[in-house]
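# A look at the structure
Residues per chain are reported as follows:
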Amino acid sequence: MLINFESRWTRIAPTASIPPREGRAVTVAGAELAIFNLGERFVTISNQCPHQGGPLCDGIVSGAVVVCPLHGWRFDLNTGLAVRASLPACVETYPTRVEDGIILVDVAAARRIEPNEAVA
Amino acid sequence: MKQLVVVGNGMAGVACVEQILKHHPDFEITIFGDETHVNYNRILLSSVLAGEKSPEEIVLNSEDWYRDNGIRARLGVRIERIDRARRLAIDSTGAETPYGKLILATGSTAFVPPIPGAGKKNVHVFRTLDDTRELIAKSRSGLKAVVIGGGLLGLEAARGLQLRGCHVSVVHLMDTLMERQLDRPAGELLRRKIEDLGIRVLLPRQTQALLGNGRVDGVKFASGEEIEADLVVIAAGIKPNAWLARESGLEVRRGILVNDYLETSDPDIFAVGECTEHRGQTFGLVAPLMEQGKVLAATITGRRGPVFTGAAPAAKLKIMGVEIFSAGAVDASEPGVEVVRYEDPSLGIYKKLLVKDNRLHGVILVGDTSDDRRYTQWLREETDLAPHRRHLLFPPPAADSGLEVAEMPGSFVVCGCNGVNKDDIVHAIHEHGINTLAELKDRTRASSSCGSCSGLCEQLLRAVAPEFEEETRTTLCACLPFSYEQLREIVRGQQLKSVQEVLNVYGNRKGCEVCKPALSYMLDMLWCGRHDEDRSARFINDRVHANIQKDGTFSVVPRMRGGVTSPAELRRIADVAEKYNVPMVKVTGSQRIDLLGVKKSDLPRVWADLGMPSGQAYTKGVRMVKTCVGTEFCRFGVQDSTRAGIELEHRLENLFTPHKVKMGVVGCPRNCAEATVKDIGMVGQDGSWQVVVGGAAGKSVRKADLLITVETTAEALDACELFFQYYRENANYLERTYDFVERLGIEAIRKATVYSTDAEKRKLLERLRKSKAIAKDAWLERDTPANPTQFVQIEPLETTCS
Ligand SMILES: Cc1cc2nc3c(=O)[nH]c(=O)nc-3n(C[C@H](O)[C@H](O)[C@H](O)COP(=O)(O)OP(=O)(O)OC[C@H]3O[C@@H](n4cnc5c(N)ncnc54)[C@H](O)[C@@H]3O)c2cc1C
Ligand code: HEM
Ligand code: SF4
Ligand code: FES
């Protein structure tokens, strides 16, 4: 596991700019992120599908999972891990919170769970 | 001949008379009923209220039945007194009817607690067809309705009113719904499901008064809280209708006391149904009443012998998608009671069995009630569970499901609502050569009430009927375990307008990339575009109306009807391609021009600059109509294919379909635009058109089938439309026309479309027109986006310096 403890919360956008169960892309400090509105909370992952770079923000959300629009790989939005243990892939997740109706993302605290860690 | 008088023309009384007739008795039968209707299925009043059935459809015994069996029916006439000394039944007209034997089948009445204001206008109970008609007459869209009572009846009333457009609240005295039948976790799940349907549930609330000046306008609770109400339904329980027996001096406690032979304290008077009290128990469901009827029929025709020994209480909720069943004991704290449980919170399934002395003692099922019959049987027969211990919560593996019906005794009651047993069904199948469930329902009434035994009936058909045709059913996906047909039925019947609503009530609440787009299509089609559109349930292509490419950019294909364009259009396309640095401009196989590699954020401006409508190249919808030049220029042309093609495209464009629909129109059989390998094609001939459907030239090649040959272009276009709408309504999502035509067969499709009745054709076309009236060019969302960030990338409010 790789965690950067230096936190850097960035104000992104009003919560209303992402409709429920949809995602939107945003570029912050050089990183392209996908933020999702899960109804009761917002979550952020890196926008690029590790398969062939599909834009995950455009995927259909299924509970706390997003389905890549290009070839259907599925990622758990909480852990960033590809769903289905046989698939050794993952994306970064970013701490996300809402304050005064604004979505904030901690860009520096990217978290990446390597698939083998999860399997082990 | 002896006079038999039956007081009460309801379900139990008439069912008992039907049993009596089987014994060919020497009776002259008169039935009195104070309702003015022939015997109807009271259970289905909930369906009538919900608009799922008409009053005519729930009739159990038509006037012919009474006549054919020589029964005198006195409807709208109430028996006021029984003169036992003179053996006379005295009715509301004052007439005296002599009896040799008399059956009381007076049922029960709605219990109205002594709440001040209960007599106000617009306060109703829900017991009879007349009550139901009044509720239907009063319920209106937007009306605030309050149902007092969170039991079976109250919840069904609430759902019925809600389906009629009312805003419904259910208030209940206790802190869980159906607390007499359910434990706390089951009650909680039920509350969640009811709330998901959009019904407000208020627990616990003690109703103190109904407010309003003459007409009800609110409900006040003991806590002091008040809510508004235009209509109130009191569903607080029932009480046996025993006053007549009491006043006639029969022994009565809560109900009319009967013994195991259904005899009362007077040797010539018997009682059956909800008016009875047997071994301290009263009744609220029909299954045991049907048993009573059979026993009484034997007793009264001089075959006294069979006994009624009571029945475990059982209850089943009839709200589609809210599956609840409970039978036997509920209290798990009794000494010696073991609990066996299963829970799947995401699908909302909960099963709990109480086992005592290795016998089933009680059962609660939520979310999956498919096994209710097995449990009912175990309860009734006090089955030793030892051999079943490993399969308590689920039936043993499917291999022996045929065995299960084979092993069932002939007397096994398959349909509890109508008292139909296995023997009845097997005989009917043999005697009438029944092959379908519908025929079986017609003949035996099995499965025609609550429908919970339809699975078992199908199993019997499969085992016994030589040519039983099973409906093949494919479920959509794991999120939503129903077939397309069932889902269409659910969405239509339950008036569901949004994808999330369907998923919340019938699925796992999450949905996935398979079911969400399928449901989106279904809702749009069924409600002719008047559904609650939820873009999150759409594939990205349908969120931004362009086709996503492998690098995340999009392709743009404007509509070019019939493949006809103009120099001005071509110039604009060229300008757009340059202005937005479109990496590739390509002529497609469908006579259109594709601009590939456009960025999402450029889409609205690209569309505006093009000034052309969407070609729907990204969606499951109407793609194009490919045409040849036809009579206009071609020396072989015999029909004006270009004009007909453009007209066809105008008529169908912007509509969505189960899968993409490609069309072609050619001016003569040389078929230059390949109409015979299109989903819908028109092939011009001298003086006529051939309309062909189900062609393909993709992964496989299939020549289209001839739908019909017609003389005029107008007729040909109509035929295309009929097929088009029929495909929209009956194909499974992602089923191309060529699979659809093969699945149904072209003959069946002809019968359902071009050779159907004028009325049916008109209805199909009306629904098509209704959809078309609201369908619009999706690219207009460039000016009125579905949401502010539909096309734009979010810019962070602050930038971090890195
Ligand atoms: C909305 C609703 C939904 C239901 N759903 C279910 C269900 O899902 N499953 C289930 O098992 N049960 C259900 N029930 C209960 C079921 O309908 C009753 O158990 C059944 O109808 C009782 O039959 P009965 O003949 O005893 O009484 P009833 O059907 O009530 O018949 C009694 C008849 O006698 C008439 N009568 C009474 N007194 C006199 C008199 N003095 N002179 C002349 N006529 C008289 C009454 O007007 C009435 O027509 C439901 C009931 C309702 C109201
Ligand atoms: C051009 C190359 C590829 C294409 C077009 C492609 C396409 C797809 C598609 C369409 C699926 C979804 C299948 C489904 O939903 O059932 C899928 C899943 C999958 N692919 Fe590929 N794939 C490609 C390359 C690869 C490679 C190189 C690997 C592995 C090294 C791979 C591993 C997988 C796995 C494990 C899944 C299952 C993932 C899941 O369902 O969660 N794929 N791929
Ligand atoms: S199909 Fe017939 S009419 Fe049309 S272009 Fe070809 S030859 Fe001419
Ligand atoms: S790019 Fe995401 S699945 Fe292929």
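Quick caveat, the model's predicted, so the values are computed rather than measured. (Residues numbered from 1 in each chain as written. Chains lettered and ligands numbered in written order. Predicted model: local features only at pLDDT ≥ 70, side-chain atom pairs only at ≥ 80, totals over all residues. Heavy atoms only, no water.)

## Thoughts on the overall build of chain B
Counting its regular elements, chain B contains 24 helices and 40 strands. For chain B, the proportion of its 802 residues judged to be buried stands at 54%. Across chain B, the fraction of contacts at a sequence separation of at least 24, relative to all contacts at a separation of at least 6, is 62%. Only carbon and sulfur atoms are counted for the fraction: they give 49% of the accessible area of chain B, which is about 34700 Å². (Helix = DSSP H or I, 4+ residues; strand = E, 2+ residues; numbered from the N terminus. Buried < 20%, exposed > 50% of the residue type's maximum accessible area, 1.4 Å probe, protein only. Contact = heavy atoms within 4.5 Å. Areas by Shrake-Rupley, 256 points an atom, 1.4 Å probe, with all protein chains shown as cover.)

## Concerning the pattern of salt bridges
Residue and element names in this part refer to chain B. The full count for this structure, using the stated rule, is 57 salt bridges over all chains. For D260, the salt bridge identified is with R279, shortest N-O distance 2.7 Å. Linking D260 in the loop between β18 (256-258) and β19 (269-271) with R279 in the loop between β20 (276-278) and α8 (286-300), this pair joins segments that are 19 residues apart in sequence. Linking D705 and R702 is a salt bridge whose minimum nitrogen-to-oxygen distance equals 2.8 Å. Owing to a relative accessible area of 16%, R702 belongs among the buried residues under this scheme. (Salt bridge = Lys/Arg side-chain N within 4 Å of Asp/Glu carboxyl O.)

## Here we look at the site of ligand 1
All names here are of chain B. Around ligand 1 there are 33 residues in total, and D34, E35, R127, E274 and K318 lie nearest to it. Within the side chain of E274, an N or O atom sits 2.4 Å from an oxygen atom of ligand 1. Here ligand 1, which alone exposes 980 Å², has 94% of that area covered by the protein. Listed by contribution, the elements that provide at least two residues to the shell around ligand 1 are α1 (11-22), β2 (27-33), α5 (152-163) and α8. For the shell around ligand 1, the element with the highest residue contribution is α1, accounting for 3 residues. (Near = heavy atom within 4 Å. Polar contact = N/O pair within 3.5 Å; in protein donor to acceptor, adjacent residues only side chain to side chain.)

## A word on empty space enclosed by the protein
Under the definition given, this model contains 2 cavities of 30 Å³ or more. Approximately 60 Å³ is the volume attributed to the largest cavity. For the largest cavity, the lining is made up of 13 residues, of which E22 and R24 of chain A together with R543, V544 and Q790 of chain B are closest to its centre. Those elements that provide at least two residues to the lining of the largest cavity are β3 (23-28) of chain A together with α17 (540-544) of chain B. With 3 residues, the top contributor of residues to the lining of the largest cavity is α17 of chain B. Grouping the amino acids of the lining of the largest cavity by side-chain chemistry returns 4 nonpolar, 3 polar and 6 charged. (1 Å grid on protein atoms, 1.4 Å probe; cavity = no way out; pocket = protein on both sides within 12 Å on 5 of 7 lines; lining within 4 Å. Points joined across faces, edges and corners; volume = space filled by probe spheres on them. Nonpolar A, V, L, I, M, F, W, Y, C, P; charged D, E, K, R; others polar.)

## A look at the interface of chain A and chain B
Residue-level contacts link 32 residues of chain A with 33 residues of chain B. Both sides together, the interface formed by chain A and chain B hides about 2600 Å², and carbon and sulfur atoms give 54% of it. By the criterion of area lost to chain B, the three top residues of chain A are R21, D58 and I60 of chain A, representing 24% of everything that side buries. Counting every contact that joins chain A to chain B gives 3 salt bridges. Taking the shortest distance from any N to any O, the salt bridge between R74 of chain A and E513 of chain B comes out at 2.8 Å. When residues of the side of chain A that touches chain B are traced back to their parent elements, those giving at least two are β2 (9-14), β3 and β6 (60-62) of chain A. Class assignment for the residues of the side of chain A that touches chain B results in 18 nonpolar, 7 polar and 7 charged. (Buried area = accessible area lost by both parts, 1.4 Å probe.)

## Remarks on the packing of helix α11 (residues 422-432) of chain B against helix α12 (residues 437-444) of chain B
Residue and element names in this part refer to chain B. Look at α11 against α12: their axes get within 10 Å of each other, and the N-to-C directions meet at 110°. If you check the angle between α11 and α12, you find them roughly perpendicular. Note on element contacts: α12 touches α11 through L440, R443 and T444, opposite D424, I425, A428, I429 and H432. (Axes fitted to C-alpha atoms, helices over the stretch in contact; angles between N-to-C directions. Parallel < 35°, antiparallel > 145°, perpendicular 65-115°, else oblique.)

## Describing the sheet that holds strand β25 (residues 359-366) of chain B
Residue and element names in this part refer to chain B. As summarised here, the arrangement of the 5 strands in space is β21-β22-β25-β24-β23, forming an open sheet in which the pairing is antiparallel. The open sheet has two edge strands, β21 (314-316) and β23 (337-344), and neither has a second partner. With strand direction ignored, the average angle separating the axes of adjacent strands in the sheet is 10°. Of the strand pairs in this sheet, strand β22 (residues 324-328) and β25 are connected by 5 bridges, and their pairing is antiparallel. Among the inter-strand pairings, S326 is bridged to a residue of β25, identified as I364. Against the sheet, helix α9 (residues 372-381) makes contact with β21, β22, β24 (349-356) and β25, and its axis sits at roughly 155° relative to β25, the strand it touches most. (Pairing = 2+ DSSP bridges.)

## Some details on the nonpolar core
All names here are of chain B. Counting 69 residues, the largest nonpolar core has L155, L161, L190, I194 and L480 as the members making the most contacts within it. When residues of this core are assigned to their parent elements, the largest contribution, 8 residues, is made by helix α16 (residues 515-526). Setting aside anything within four residues of it in sequence, one finds L480 in contact with L487, V502, L503, Y506, G507 and L519. Membership of the second largest hydrophobic core comes to 46 residues, among which are L4, F27, Y66 and A242. (Core = buried A, V, L, I, M, F, W, Y, C linked by side-chain atoms within 4.5 Å.)

## Re the packing of helix α14 (residues 484-493) of chain B against α16 of chain B
Residues and elements named next belong to chain B. The contact between α14 and α16 brings their axes to 11 Å, and the two run at 50°. When the axis of α14 is compared with that of α16, the two are oblique. Classified by chirality, the crossing of α16 by α14 is right-handed. Contacts between α14 and α16 involve Y484, L487, R488, V491 and R492 from the first element and L519, M522, L523, M525 and L526 from the second. For the contact of α14 with α16, the class distribution of residues is 8 nonpolar, no polar and 2 charged. (Left-handed = near helix turned anticlockwise from the far one by under 90°.)

## Side note on the sheet that holds strand β5 (residues 88-91) of chain B
Residues and elements named next belong to chain B. In space, the 3 strands of this open sheet follow the order β4-β5-β6, with antiparallel pairing throughout. Of all the strands in the sheet, the pair left with one neighbour each is β4 (79-83) and β6 (96-98). Each strand axis lies, on average, 25° off the axis of its neighbour in the sheet, ignoring direction. Sheet topology places β4 next to β5; 4 bridges connect them, and they run antiparallel. Of the residues in β5, the one forming a bridge with I82 is A89.

## Focus: the confidence of the model for chain A
Looking at chain A, the pLDDT average stands at 87 and 88% of residues meet or exceed 70. The lowest-confidence element of chain A is strand β1 (residues 2-3) of chain A, averaging 48 in pLDDT; the highest-confidence one is strand β5 (residues 42-46) of chain A, averaging 97. (pLDDT = per-residue confidence, 0-100.)

## Details of the pairing of β24 of chain B
Residue and element names in this part refer to chain B. Of all the 8 residues making up β24, 7 are buried; the element is thus mostly covered by neighbouring parts of the structure. Here β23 folds back onto β24 in antiparallel fashion, the turn holding 4 residues, of which G348 has a positive phi close to 70°. Bridge analysis of β24 against β25 gives 7 bridges, and the strand direction is antiparallel. Counted as the bridge partner of L353 is V363 from β25.

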